[in-house]
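# Observations on the model geometry
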Amino acid sequence: MIIKPRGTMDIMPEDTPLWQYVEEKAREISNTHGFGEIRFPTFEQTELFARGVGDTTDVVQKEMYTFFDKDNRSMTLRPEGTASIARSIVENGRCSDAMPLKLYYLISCFRYEKPASGRYREFYQYGVEMYGSESAASDASVIALADSYVKSLGITDYSLEINSIGCKECRPHYKKALTDYYTANYDTLCDTCKTRLKTNPLRILDCKNPECAHLAKDAPKTLDYLCENCTSHMKTVEDSLKSMGITYKVDTGIVRGLDYYTRTVFEIIGPGEPDKDGNVRRLALGGGGRYDGLVEEIGGPKLPGVGFAMGLSRLIIALQMSGKELPSKKKPVLYIASLGTNAQIQALGIVNKLRDAGIYAECDLVGRSLKAQMKYADKIGAEFTAIIGDNELENGKAILKNMATSEQTEVEIKALADFFKNR
Ligand code: AMP
């Protein structure tokens, strides 16, 4: 048997209502905040991600699905949305639009990661991008949108954690302090981090290796190295969050895995799940920040930006852990069981009319016995059933049975749609 590739998922009809729920809420809240949907290619020229995401990042170095097309051009399945959107707004001449430019997306992404609970090789993100404002007000309003979205889903067990990683002016001082710290602890670092120390020491702070994670606790903190402008930007972000009544924590350990971030970075951390060794690993539901240099990096004008991306499968795990009643597949209002071929044909006509009136009804399509039809109606959770045979067709009336209460009501077949609409 052919099976799906490792780290991908099939989402079955009983589960899709939950996916539709998180997607619909994303669309709803994006519209309320004035973000318009952008759609863009599933694959791009590899160079876009190498330049946009950063060629020292894990994503670019280890996780990309890269292939050569038939013309021998290197292409990559998108590992995230931000770099593609930056390319798209430059290519479509949107950098001179009235600012801010507010965009949202719902996409699948591809990363060759080690599959685990909540970690897939093809996964789904809801993200937003706001371009054209350097002001801390735009950071705060994007963070507020992320926070409202998670809340609107009904997830309460999460925390919003923010940090600033400085700008072109102050980050080199921080990098130097970090390099000095890790050089002094060189022997304790894992092999990957020994390389990271040369290429990008900030990445070491993200390393999951227990020894590196332990070292990270005493590493120099970004906030101690910010220049005056970055300090004041961070303060205004915090003041704005407070003014909007948003609860947050400052976590100096957040640096984010992608190169394009400047100043504000943030994560939304969800509930914990014990791993196979019993250690509780809290799920990152989403993350984002400011990326003032990205558009220039990929060949566009200077255009600041700020945004986030949420992992839909992680939000779904958090919802399942919340104990909240979850959306499920719609159940039919009426199942019409039929006796004989003529009744089956007539039942199809009745069901079709009800469906045209927006009422979800079902009838027999398989040729089941009456007993088996009733069993099936019960299985699919029909709210009402009606049995239609020659008598009912002659009288133009059917008896509706409420499956929960067993109460019976006689209704004219012609008036079925009105009955369901007016009840
Ligand atoms: P990132 O683009 O790495 O900042 O990720 C943003 C969010 O996407 C994370 O917080 C996760 O919720 C989600 N995410 C990232 N990688 C994966 C993955 N491999 N599988 C599922 N969700 C992911």
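Here we summarise the structure given alongside this text. Quantities reported herein were computed from a predicted structural model and do not represent experimental measurements. Every chain is numbered independently, its residues counted from 1 as its sequence is written. Local features in this predicted model are restricted to residues whose pLDDT is 70 or higher, and side-chain atom pairs enter the listing and the counts only when it is 80 or higher, whereas totals over whole chains, interfaces and linings include all residues. The side-chain quantities take in all heavy atoms of the structure and omit both hydrogens and water.

### Description of the site of the ligand
Under the convention used in this document: Whether a residue is near a molecule or strand depends on its heavy atoms: it is near if one of them lies within 4 Å of it. Under this definition, polar contacts are N or O atom pairs within 3.5 Å; protein pairs additionally need one hydrogen-donor-capable and one acceptor-capable atom, and for neighbouring residues in sequence, both atoms have to be side-chain atoms. For the accessible areas, the method is Shrake-Rupley and the probe is 1.4 Å, while residue cover comes only from the protein chains on display. Elements are defined by DSSP. Helices are runs of H or I of four residues or more, strands are runs of E of two residues or more, and each kind is numbered from the N terminus. In this count, Pro and Cys sit with the nonpolar residues alongside Ala, Val, Leu, Ile, Met, Phe, Trp and Tyr, while Asp, Glu, Lys and Arg are called charged and the others, Gly among them, polar.
Taken together, the neighbourhood of the ligand is formed by 15 residues, with R111, E113, Y120, R256 and A284 sitting nearest. E113 is positioned with one of its side-chain polar atoms (N or O) 2.6 Å from a nitrogen atom of the ligand. Between the ligand and the protein, one listed contact pairs a nitrogen atom with a backbone N or O atom of G118 at 3.5 Å. Taken by itself the ligand offers 490 Å² of open surface, and the protein chains cover 91% of this. Going through the elements one at a time, strand 6 (122-131), strand 10 (280-290), strand 11 (305-311) and helix 11 (312-322) are the ones with two or more residues in the shell around the ligand. Per-element tally for the shell around the ligand: the top contributor is strand 10, with 3 residues. Class assignment for the residues of the shell around the ligand results in 5 nonpolar, 5 polar and 5 charged.

### As for helix 5 (residues 136-153)
Selection rule: Helix span, as expected, comes to 1.5 Å for every residue beyond the first. Buried means the residue's accessible area, taken with a 1.4 Å probe over protein chains only, is under 20% of the maximum for its type, while exposed means over 50%, and partly exposed covers the values in between.
With 18 residues, helix 5 extends 26 Å between its outermost C-alpha atoms, agreeing within 8% with the 26 Å of an ideal straight helix rising 1.5 Å per residue. The buried fraction of helix 5 amounts to 13 of the 18 residues, a majority that puts the element mostly inside the structure. The N-cap of helix 5, judged by a side-chain oxygen 2.9 Å from the amide nitrogen of A137 a few residues on, is S135. Just past helix 5, the residue G154 takes up positive phi, approximately 100°.

### As for the sheet that holds strand 4 (residues 74-77)
Test applied: We call two strands paired when DSSP finds no fewer than two bridges between them. Every axis in this analysis is a line fitted to C-alpha atoms, fitted for helices over the stretch in contact. Angles between the N-to-C directions lie between 0 and 180 degrees. Throughout, a contact is declared for two residues whenever any of their heavy atoms are within 4.5 Å.
With antiparallel pairing, 3 strands are arranged side by side in an open sheet as 2-4-3. Edge positions in the sheet fall to strand 2 (43-45) and strand 3 (66-68), since each of these pairs with one other strand and no more. The average angle at which neighbouring strand axes cross in this sheet is 35°, direction not considered. Inspection of the sheet shows strand 3 paired to strand 4 by 3 bridges, in the antiparallel sense. Its bridge partner lying in strand 4, F68 is registered against S74. Seen against the sheet, helix 2 (residues 46-54) touches strand 2, strand 3 and strand 4 and runs at an angle of roughly 80° to strand 2.

### As for the packing of helix 2 against helix 4 (residues 82-91)
Counted only if it meets this: Roughly parallel means an angle under 35 degrees; roughly antiparallel means over 145; roughly perpendicular covers 65 to 115; every other angle is labelled oblique.
Remark: helix 2 packs on helix 4, axes separated minimally by 9 Å, with the N-to-C direction vectors making an angle of 110°. Between helix 2 and helix 4, the angle falls in the class roughly perpendicular. Contacts from L48, F49, G52 and V53 in helix 2 reach A83, S84 and R87 in helix 4. Tallied by class, the residues present in the contact of helix 2 with helix 4 amount to 4 nonpolar, 2 polar and 1 charged.

### What to know about the packing of helix 1 (residues 16-32) against helix 11
Test applied: Crossing chirality is assigned from the near helix's rotation relative to the far helix, an anticlockwise turn below a right angle marking it left-handed and a clockwise turn marking it right-handed.
Relative orientation of the contacting elements helix 1 and helix 11 amounts to 110°, with a least axis distance of 10 Å. It follows from the interaxial angle that helix 1 and helix 11 lie roughly perpendicular. In terms of crossing hand, the pair formed by helix 1 and helix 11 is right-handed. Touching L18, W19, Y21, V22 and E23 of helix 1 are L312, S313, I316, L319 and Q320, all from helix 11. By residue class, the composition of the contact of helix 1 with helix 11 is 7 nonpolar, 2 polar and 1 charged.

### Thoughts on the pattern of salt bridges
Selection criterion: Counted as salt bridges are all cases of a side-chain nitrogen of Lys or Arg within 4 Å of a carboxyl oxygen of Asp or Glu.
One pass over the full model with this rule turns up 18 salt bridges. In this structure, E47 engages R51 in a salt bridge whose closest nitrogen and oxygen atoms are separated by 2.8 Å. Taken together, the positions of E47 and R51, both in helix 2 and 4 residues apart, correspond to about one turn of that helix. Residue E47 is classed as partly exposed on the basis of its relative accessible area of 46%. Owing to a relative accessible area of 35%, R51 belongs among the partly exposed residues under this scheme. A salt bridge links D69 to R73; the nearest nitrogen and oxygen atoms lie 3.1 Å apart. Because the salt bridges share partners, they merge into one network encompassing R27, E37 and R39.

### Some thoughts on the packing of aromatic side chains
In plain terms, the rule: Pairing of aromatic side chains requires ring centres within 6.5 Å, counting the rings of Phe and Tyr and the six-membered ring of Trp. Pairs whose planes differ by under 30 degrees are stacked, by over 60 edge-to-face, and all others tilted. Consider the ring centre and the ring normal. A charge sits over the ring if Lys NZ or Arg CZ is within 6 Å of that centre and within 35 degrees of that normal.
What the rule picks out here adds up to 18 aromatic pairs. Ring pairing ties together the aromatic residues Y104, Y126, Y149, F266 and F308, which thus form one cluster. Above the ring of Y376, the side-chain terminus of R368 is found at 4.1 Å from the ring centroid.

### Quick notes on the environment of P100
Mapped onto the secondary structure, P100 falls in the loop between helix 4 and strand 5 (101-110). Separated by 80 residues in sequence, P100 and Q20 have C-alpha atoms that sit 29 Å apart. Leaving out residues up to four positions away in the same chain, P100 has contacts with M130 and Y131.

### Concerning the environment of E407
With respect to the element layout, E407 can be found in the loop between strand 15 (397-402) and strand 16 (408-412). Measuring from C-alpha to C-alpha, the distance between E407 and F384 comes to 9.7 Å, with 23 residues separating the pair along the chain. Ignoring anything within four residues of it in the chain, the contact list for E407 reads L400, K401 and N402.

That's the geometry; what it means functionally is another story.
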